[in-house]
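An overview of the molecular structure
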Amino acid sequence: MYTHLPPDMKLVIVESPAKAKTIEKYLGKGYVVRASVGHIRDLPKSNKDAVDVEDGFKPRYQIVKEKEDIIEKLKDAAKGTTEVILATDPDREGEAIAYHLKEALKLKKPKRIVFYEITEKAVQEALAHPRAIDDELVKAQEARRVLDRLFGYDLSGLVWKKVRYGLSAGRVQSPALRIIMEREREIRAFIPEKFWVLSADVKTKKGEQFTVTCAEEPRDENEAKRIFEAAKTHDWSVVSVDESEQSRSPRAPFTTSTLQQVASTRLGFAPSRTMRAAQKLYEAGSITYMRTDSTNLSKDAVTDMLSAIQSEYGENYAEARVYKAKSKNAQEAHEAVRPTNVKVHSAGHTDDQKKLYQLIRARTLASQMTDAKVLRTKIIANPIRETSSSNGAGVAGATIPAFAANGSRVIFDGWLKADPAARGEDVELPKLAAQDPLTLVEAHTDEKETQPPARYSEAGLVKELEKRGIGRPSTYASIISTLEVRGYVEKQGRTLIPTYTGDVVSSFIEEHFGEYISDTFTAEMENELDEIAEGTRKYEKTLKDFYTPFTKAVKSKNKIEKITNMGPAPEEFKCPVCAGDMVYKLSKDGRFMSCAKFPECLGARKEDGSEIEPPKDIGEACPDCKDGKLMSRDGRFGMFIACNNYPKCKFVKKDPAEEAKSKTGVACPTCKKGEMVERRGRFGLFYSCSNYPDCKNAIKAKPTGRMCKECGSLMMLGTKTIPERCSNKACPNHNPHKLEGAKK
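Note that the structure is a prediction, hence the values are computed from the model and not measured.

Another point: the overall build of the protein chain. Along the protein chain, the regular secondary structure elements total 19 helices and 33 strands. Each of the three principal axes of the protein chain carries a C-alpha extent, and together these read 95 × 80 × 65 Å. With 744 residues in all, the protein chain has 48% of them scored as buried. Taking the contacts inside the protein chain whose residues are at least 6 apart along the sequence as the reference set, 62% of them involve residues at least 24 apart. Total accessible area on the protein chain stands at roughly 38600 Å², and carbon and sulfur atoms take up 48% of it. The distance from the centre of the 123 positive side-chain charges to the centre of the 109 negative ones in the protein chain is 4 Å.

On to the confidence of the model for the protein chain, then. The predicted coordinates ought not to be read in detail in places where the model reports low pLDDT. Of the residues in the protein chain, 94% reach a pLDDT of 70 or more, and the chain-wide mean stands at 89. No element of the protein chain has a lower mean pLDDT than strand β13 (residues 388-389), which averages 41, and none a higher one than helix α12 (residues 351-366), which averages 97. Counting interchain partners and residues more than four positions distant, the pLDDT-below-50 stretch residues 386-397 has 30 contacts.

As a further point, take the pairing of strand β2 (residues 31-35). Counted residue by residue, β2 has 4 buried out of 5 residues, so it is predominantly covered. In this sheet, β2 lies alongside strand β1 (residues 10-14) in parallel orientation, the contact comprising 5 bridges. Its bridge partner lying in β2, Leu11 is registered against Val32. Tracing the backbone out of β1, into helix α1 (residues 17-27) and back to the parallel element β2 gives a crossover that is right-handed.

As enumerated under the stated definition, the model contains 15 aromatic pairs in all. With centroids separated by 6.2 Å and ring planes inclined at 55°, the aromatic side chains of Tyr313 and Tyr317 adopt a geometry described as tilted. Through pairs of rings, three or more aromatic residues link up here, namely Phe57, Phe151, Phe513, Tyr516, Phe521, Phe546, Tyr547 and Phe550. The ring of Tyr584 has Arg591 lying over it, and the distance from NZ or CZ to the ring centre is 3.6 Å.

Take the pattern of salt bridges next. On inspection of all chains with the given rule, the structure shows 52 salt bridges. A salt bridge links Arg92 to Asp530, with the nearest nitrogen and oxygen atoms 3.2 Å apart. Pair noted here: Arg92 is in helix α4 (residues 92-104) and Asp530 is in helix α16 (residues 519-534), with a separation of 438 residues, a long-range link. For the pair Arg92 and Asp530, one class covers both residues: buried. Between Asp519 and Arg178 there is a salt bridge, with its nearest N and O atoms 2.4 Å apart. Of this pair, Asp519 sits in helix α16 while Arg178 sits in helix α7 (residues 173-189); the two residues are 341 residues apart in sequence, bridging distant segments of the chain. Asp519 gets classed as partly exposed once you look at its relative accessible area, which sits at 23%. According to the relative accessible area criterion, Arg178 is buried, its value standing at 7%. Residues participating in the shared-partner salt-bridge network are Arg178, Glu182, Glu464, Lys467, Arg468 and Asp519.

Glancing now at helix α9 (residues 256-267). Given 3.6 residues per helical turn, the α-helix brings residues three or four places apart onto the same face. Across its 12 residues, α9 extends 16 Å between first and last C-alpha, which sits within 8% of the 16 Å expected from 1.5 Å per residue. Buried residues of α9: Thr256, Ser257, Leu259, Gln260, Gln261, Val262, Ala263 and Ser264, and no others. Immediately beyond the C-terminal end of α9, within one or two residues, lies Gly268, with a positive phi of roughly 75°.

Once that is clear, we can look at α16. Between its terminal C-alpha atoms α16 stretches 23 Å, which fits the 22 Å expected from 16 residues at 1.5 Å a residue. For α16, the set of buried residues is Phe521, Thr522, Ala523, Met525, Glu526, Leu529, Asp530, Ile532 and Ala533. Packing partners of the buried residues in α16 comprise α4, α6 (135-162), α7, α13 (458-468) and α17 (539-556). A positive backbone phi angle near 85° is found at Gly535, which sits one or two residues after α16.

With respect to the secondary-structure elements, Val172 resides in the loop between α6 and α7. Classification of Val172 by relative accessible area gives buried; the value is 12%. In this structure, Val172 is in contact with Ile470, Gly471, Ile479 and Glu526, ignoring residues within four places of it in sequence.

This next bit is on the environment of Phe598. Following the sequence through the fold, Phe598 ends up in the loop between β21 (590-595) and β22 (604-605). According to the relative accessible area criterion, Phe598 is partly exposed, its value standing at 43%. When the C-alpha atoms of Phe598 and Ile118 are compared, they prove to be 63 Å apart, with 480 residues separating the residues in sequence.

We now examine unusual backbone geometry. A cis amide bond, omega 10°, links Phe598 with the succeeding residue Pro599. Note that Pro599 resides in the loop between β21 and β22. Here Tyr692 and Pro693 are connected by a cis peptide whose omega angle stands at 10°. Inspection of the secondary structure assignment puts Pro693 in the loop between β29 (684-689) and β30 (698-699). One non-glycine residue, Lys106, lies in positive phi territory at about 55°. As for its position among the elements, Lys106 is in the loop between α4 and β8 (111-112).

Another point: the side chain of Thr119. In this structure, Thr119 sits in the loop between β8 and α5 (120-128). Those residues in contact with Thr119 that lie beyond four places of it in its chain are Tyr26 and Thr340.

Nonpolar side chains collect at one region of the surface, where Trp160, Tyr165 and Tyr646 lie side by side and expose about 310 Å² of accessible area between them. Along the polypeptide, Tyr646 turns up in the loop between β25 (638-643) and β26 (652-654).

Glancing now at the sheet that holds strand β7 (residues 83-86). Taking strand neighbours across the sheet as the criterion, the 4 strands line up as β2-β1-β7-β8 in an open arrangement whose pairing is parallel. On the outer flanks of this sheet lie β2 and β8, each paired with one strand and no other. Packing of α1 onto the sheet brings it into contact with β1 and β2, and relative to β2 it is tilted by some 170°. On the sheet, helix α3 (residues 68-78) packs against β1, β2 and β7 and is oriented at approximately 155° with respect to β1.

Rules used throughout
- Residues numbered from 1 in each chain as written.
- Predicted model: local features only at pLDDT ≥ 70, side-chain atom pairs only at ≥ 80, totals over all residues.
- Heavy atoms only, no water.
- Helix = DSSP H or I, 4+ residues; strand = E, 2+ residues; numbered from the N terminus.
- Buried < 20%, exposed > 50% of the residue type's maximum accessible area, 1.4 Å probe, protein only.
- Contact = heavy atoms within 4.5 Å.
- Areas by Shrake-Rupley, 256 points an atom, 1.4 Å probe, with all protein chains shown as cover.
- Lys, Arg positive; Asp, Glu negative; His and termini not counted.
- Charge placed at Lys NZ, Arg CZ, Asp CG, Glu CD.
- pLDDT = per-residue confidence, 0-100.
- Pairing = 2+ DSSP bridges.
- Right-handed = clockwise from strand over helix to strand, strands pointing away.
- Phe/Tyr/Trp six-rings, centres within 6.5 Å; stacked < 30°, edge-to-face > 60°.
- Lys NZ or Arg CZ within 6 Å of the ring centre and 35° of its normal.
- Salt bridge = Lys/Arg side-chain N within 4 Å of Asp/Glu carboxyl O.
- Expected span 1.5 Å × (residues − 1).
- Patch = residues over 30% accessible without salt bridge, like charges linked within 9 Å, V, L, I, M, F, W, Y side chains within 5 Å.
- Axes fitted to C-alpha atoms, helices over the stretch in contact; angles between N-to-C directions.

Below, the structure written as structure tokens:
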């Protein structure tokens, strides 16, 4: 327990211990800092008890069970202090946490301070200007929370009944899934067309070789052959040379959205991974607050940046710039994401944090630097016979499309000096003039097919959500994470691919509740929530205007038929039991084939056509519900044993044969009692102690049985180039290739 603080002390409460540790450095004597460790109150899991609709949509909060001890400690710490200061994050979530702390701790007049960077100057400035808790901001967060609960629970309940038990819908997740599915349907409907890409390798009198490409990509094979024959059989010459100097301006400093997008494309970070690293950097005082729509930079920050640029790169690289935010309702906006001290070149404790900090610093510095100067060159060349022009050349009386080569060369790097990753490669072309002869080295023709639109990457989806006004900076990462966790999308590399489950759920909601997951409705609702924060819209009216027609719409669908199948299976797959036709159905593990005569016939196949063994009674009673029977079933990851009363009874255990397969024969080095066994989690396979949860030792790959000579941890399988590595990330032998290089 925290001891009572002396009466002359002031208590400062923040969300995280890391943030508390950083702030404590700047407060000095007379202050003590404690952490609530996130939210302390939330709506109960049961929707019946969560919101009192009749009493003006009043939320019935309850203490988060895991936080009861923390609240008692905070109460003890608050007794007898002269002041309690709530220094939670400067956004809706932070304001809500401050409000819940006030209510749970029964604080009479706590002071509320906000700062957008954890530096001594910012913290002292905030302490000098405390305010009361912003009730409008709290109401806005409360409205969002209540709205999400009402939408999610009511619609999810219907999806459970009409599609499949355990599925869900959400106010923002469902529009995001719809966007992914709309693109997927475009891909499915796409009909590829053949086209030909024609190019020629040519060289100058001096022997300088380069490639020109036909400006047209003919869809007709005869036309492609005609151009190709002309390219092969005639002399070439330069038609024109266009050389121009162009400027490349720097991008604005990062907002939450652009930070997630660039971290994805350059670093390969998922939005959630980016935000975890950014949160740690913010809490350590290295960057400003990471949830923002703003591209603004303070005057002091710009002055510091210009000074750093002049010092590092020279005066001719510095140029103060002001950027206008693209977001109409820049909530949570104060400053762009930037380093708190731009003179610090590296920050963070992990590789992720260090890489992200370098990215943020480079972008911020670049935003206050001069344009880069690029020399762009375009050479148009053609086979010659009779006439030539910039549009093409006459060959035996027929027009041949222009062949062109494009080059670019940076002649002054400007902002690219700070952000070289944005530079790209220089493509230099030889010095030529119109009418200069060229010698054909080789002509090429490549038959290709048009490609469907690309699926969304995480970065692409974040950009699309922002463009359509769906969600806000603090929600993008959680939207994508929810879609993955629910099994509605799978990530292959950086690409988001909808699953059959996602397809069925989205199709159902689009058909019956298209209005409520449309871009217009979702974006307008976000704007209304912003208006509550601004004090221009009332909480109760906003929720009533939404919920009254919405709940009627949900109830009106109660009598629609349940979706029992997803269409016929391929003809070649017949029922393994009765040889009849099969249909696709949806299970919690994805799509499978079921006999069309189900439940009269229980024949089933997996997606690949292999037979699914029907459930077999193993002759044991269920130990949980007592009246159920244990059945051996064939699941997505092999055989398992479950109660036949599922879903009412959820007892499940591993099949003995499958369990034997998962054993590695390697003893757990932590508890010395268990054995390392194969398990499957949300991120795939991993290996952990069989004594879990008593022993929580876990590693990412299969253990080899050997111990690390550097630290004594288990060695595990690596990659083709690194066959074995230490399972301890902190050990140098986790990256043995680097260790060997250092020894050399």
